[in-house]
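The residues making up each chain are set out below.
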Amino acid sequence: MHIIAVIGTGAMGAGIAQLCAQAGFNVRLYDVQAGAAHKARDRLAQVFETLAGKGRLTPGDVTQALANLQVSVSLKELHDCDLVIEAIVEKLDVKQAVFKELEQIVRADCLLASNTSSLSITAIAQGCQRPSRVAGLHFFNPVPLMKVVEVIAGLETDNAVIEQLMTWVNQLGHWPVRCHDTPGFIINHAGRAYGTEALAILGERVAPVQVVDRVLREAMGFRMGPFELFDLTGLDVSHPVMESIFEQYYQDPRYRPSVLTRQMLNGGRLGRKSARGFYSYPRSEEAQQPLVRPTCNPPVWIGAQEPEDHRALANWLAGQGITLDNASIPGADSLCLLAPYGLDACGAAQAFGTDPARTLCIDMLPGIERHRTLMRTPVTHTHLCDFALALFANDTVGASLIEDSLGFICQRVMAAIVNLACDMAQQGIATPADIDRAVQLGLGYPSGPLAWGDALGAARVLNIVQRMAETSHDPRYRPSSWLRRRVGLGCSLGFERSAC
């Protein structure tokens with residue numbers, strides 16, 4: 001492919017055009033709005049000069065990239081293109097009309113692609129004379145920096161078309177991931193777990209937004225907390241996507257949106273763009289949970305589901321000079337420190353046979369050397385909470401205290417992310433390798449969700465979702481068959497067909 005047309009010259013269309021022009025392709029810019037394509041070319045000229053000023057392009061590169069950009073004032077001028085990429089408004093009827101008109105203009109071997117983020121490629125191609133050449137090319141903003149592109153096959157898309165587009169995306173210097181036509185494709189689909197589970201945590205008043213964001217950043221390594229991310233994207237974008245995927249999956253509870261974001265959207269609290277969302281902007285310095293000087297120094301009795309967690313806690317506490325209660329039954333004055341998976345503090349106290357008023361739980365999923373999350377029962381003595389929070393926050397790692405919740409914060413969010421990715425693999429939306437690569441590149445996660453599940457322990461993740469499903473009776477936590485079967489076989493979550 002040599003001549004590429006981009007229809008629509010907004011942020012996405014201009015970004016695609018920039019990437020193509022810098023990669024050496026001849027690019028035709030077209031926009032139905034008069035003068036918009038010329039303005040986009042002028043803006044791109046400034047972008048090229050800026051990149052040259054930073055040493056990322058040579059003067060010759062700038063000259064060539066500008067020469068590669070041409071403005072077309074009519075769709076008819078696209079007759080000799082090898083590929084046309086549509087990046088216009090997210091309205092199905094408008095996209096369908098453009099593709100039908102293009103079919104009357106372009107050559108029979110010209111490929112037609114949509115940059116849609118939420119609409120069905122099969123539906124867009126409906127009514128085309130040759131739907132076999134219609135595919136999805138979903139770039140992410142900012143296009144030059146986001147190195148992943150979803151290559152989406154509709155029901156009628158020819159496999160040879162997908163192969164051509166995969167090769168072409170590689171030539172751009174980006175990573176193509178093959179995907180079947182499904183709501184949210186790969187990245188927007190996989191991203192539902194992070195935000196929706198955080199909203200469920202907030203809706204249950206487990207912890208305020210600042211604590212949830214801090215815990216997930218510092219304990220699990222996310223670049224941004226979920227509420228920071230909502231504010232960056234804008235709820236006018238995020239909430240409709242949540243509602244759309246929920247409806248397209250026939251109200252599957254796994255994709256359930258939150259009434260909180262609907263209320264905020266109705267109230268105009270969109271995030272950074274409205275100066276107020278989950279945070280107010282400009283954002284003030286984040287206040288930490290206050291530490292109260294403890295009035296006691298009790299011995300600590302440890303109850304852990306996994307022996308390695310018991311050893312890690314015992315070693316760490318001993319290093320802090322804490323007296324350990326090593327009796328089989330905790331003493332009357334001991335703090336009962338429990339390390340459960342998938343349980344709330346009340347359930348853990350019952351499982352370990354401890355007094356709920358002297359029970360605190362700690363999330364050992366991230367390990368003791370990362371941000372520590374403590375969880376109390378509704379009746380845990382305040383002086384024990386003060387003691388434990390001061391103890392575990394007494395170094396550079398930090399700690400947070402949350403209200404009672406199934407699975408803390410990290411366990412809930414990570415199990416939701418891994419379980420949803422397993423469901424996507426089970427549905428065959430993409431290969432396990434492509435799911436991991438797409439999510440890591442597109443969402444900026446520290447790891448792909450399936451590989452992350454293996455690193456955290458697939459059996460442990462399964463245990464978390466099973467217990468949450470059994471206790472809450474909420475079908476959103478039902479374990480994926482992909483997860484359950486591979487744990488039973490002792491296989492990696494990335495395992496497909498060959499023997500373990």
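Residues numbered from 1 in each chain as written. Predicted model: local features only at pLDDT ≥ 70, side-chain atom pairs only at ≥ 80, totals over all residues. Heavy atoms only, no water.

Student: Hey, could you run me through the side chain of Glu150 in this one?
Tutor: Turning to its location among the elements, Glu150 is positioned in strand β7 (residues 148-153). Side-chain polar atoms of Glu150 contact the side chain of His138, separated by 2.7 Å. Looking at Glu150, its side chain comes within polar contact range of the main-chain nitrogen of Ile186, at 3.0 Å. Not counting residues up to four positions away in its chain, the partners in contact with Glu150 are Gly136, Leu137, His138, Phe140, Val177, Phe185, Ile186 and Ile187. (Helix = DSSP H or I, 4+ residues; strand = E, 2+ residues; numbered from the N terminus. Polar contact = N/O pair within 3.5 Å; in protein donor to acceptor, adjacent residues only side chain to side chain. Contact = heavy atoms within 4.5 Å.)

Student: What's the story with the nonpolar core in this structure? I'm lost.
Tutor: Nonpolar side chains tend toward joint burial in soluble globular proteins. Ranked by internal contacts, the top residues of the largest apolar core, which has 131 residues, are Phe227, Phe278 and Phe392. Looking at this core, the element that brings in the most residues is helix α16 (residues 410-427), giving 12 residues. Residues within four places of Phe227 in sequence aside, it is in contact with Ala198, Leu199, Leu202, Val209, Val212, Asp213, Phe278 and Tyr279. (Core = buried A, V, L, I, M, F, W, Y, C linked by side-chain atoms within 4.5 Å. Buried < 20%, exposed > 50% of the residue type's maximum accessible area, 1.4 Å probe, protein only.)

Student: What should I look at first to understand the packing of aromatic side chains in this one?
Tutor: Two numbers describe a pair of aromatic rings. These are the distance of the centres and the angle of the planes. Counted under the stated rule, the structure contains 11 aromatic pairs. Both rings, one in Tyr194 and one in Tyr445, keep their centres 5.8 Å apart while their planes meet at 65°; by these two values the pair is edge-to-face. Residue Tyr194 is found in helix α8 (residues 192-203), and its partner Tyr445 is found in the loop between α17 (432-443) and α18 (449-456); the two are separated by 251 residues along the sequence. No difference in accessibility class separates Tyr194 from Tyr445, as the two residues are buried. The ring of Trp175 is capped by Arg437, whose NZ or CZ atom sits 4.1 Å from the centre of that ring. Sitting over the face of the ring of Trp482, Arg486 holds its NZ or CZ atom 3.5 Å from the ring centroid. (Phe/Tyr/Trp six-rings, centres within 6.5 Å; stacked < 30°, edge-to-face > 60°. Lys NZ or Arg CZ within 6 Å of the ring centre and 35° of its normal.)

Student: Help me understand the sheet that holds strand β12 (residues 359-362) in this model?
Tutor: Paired through their backbone hydrogen bonds, the strands of a sheet run either parallel or antiparallel. A sheet is described by the order of its strands in space; here 6 strands give the open sequence β10-β9-β11-β12-β13-β14, paired in mixed fashion. Sheet topology places β10 (324-325) and β14 (399-402) at the edges, where each strand pairs with a single neighbour. In the sheet, strand β9 (residues 300-304) pairs with strand β11 (residues 335-339) via 5 bridges, with the strands oriented parallel. Residue pairing for β11: Val300 is matched across the bridge by Leu335. Across the face of the sheet, helix α9 (residues 209-220) comes into contact with β13 (372-376) and β14 while running at roughly 135° to β14. (Pairing = 2+ DSSP bridges. Axes fitted to C-alpha atoms, helices over the stretch in contact; angles between N-to-C directions.)

Student: Is there a simple way to explain the pattern of salt bridges in this structure?
Tutor: Evaluation of the coordinates by the stated rule reveals 23 salt bridges. Between Glu228 and Arg217 there is a salt bridge, with the nearest N and O atoms lying 3.1 Å from each other. Taken together, the positions of Glu228 in helix α10 (residues 226-233) and Arg217 in helix α9 put the pair 11 residues apart, joining distant regions of the chain. Under the relative-accessibility criterion, Glu228 is labelled buried at 8%. With a relative accessible area of 21%, Arg217 lands in the partly exposed category. Ionic pairing is found between Glu306 and Arg460, a salt bridge with its closest N-O pair at 2.5 Å. Here Arg460 lies in helix α19 (residues 458-472) and Glu306 lies in the loop between β9 and α13 (307-319), a separation of 154 residues in the sequence. Among the residues examined, Glu306 registers a relative accessible area of 15% and is labelled buried. Accessibility expressed as a relative area gives 18% for Arg460, which makes it buried. Salt bridges here are not isolated pairs; linked through shared partners, they connect Glu197, Glu204, Arg412 and Arg476. (Salt bridge = Lys/Arg side-chain N within 4 Å of Asp/Glu carboxyl O.)

Student: Looking at this structure, how should I read the pairing of strand β4 (residues 83-86)?
Tutor: Two faces make up the sheet, and in a regular strand the side chains alternate between them. Taking every second residue as pointing to the same face, both faces of β4 are buried, with Leu83 and Ile85 on one and Val84 and Glu86 on the other. Alignment of β4 against strand β5 (residues 111-114), held across 4 bridges, turns out to be parallel. Residue Val84 lies in a different strand from β5, and its bridge partner there is Leu112. In this region the chain leaves β4, passes through helix α4 (residues 92-103) and returns to the parallel neighbour β5; the handedness of that crossover is right-handed. (Right-handed = clockwise from strand over helix to strand, strands pointing away.)

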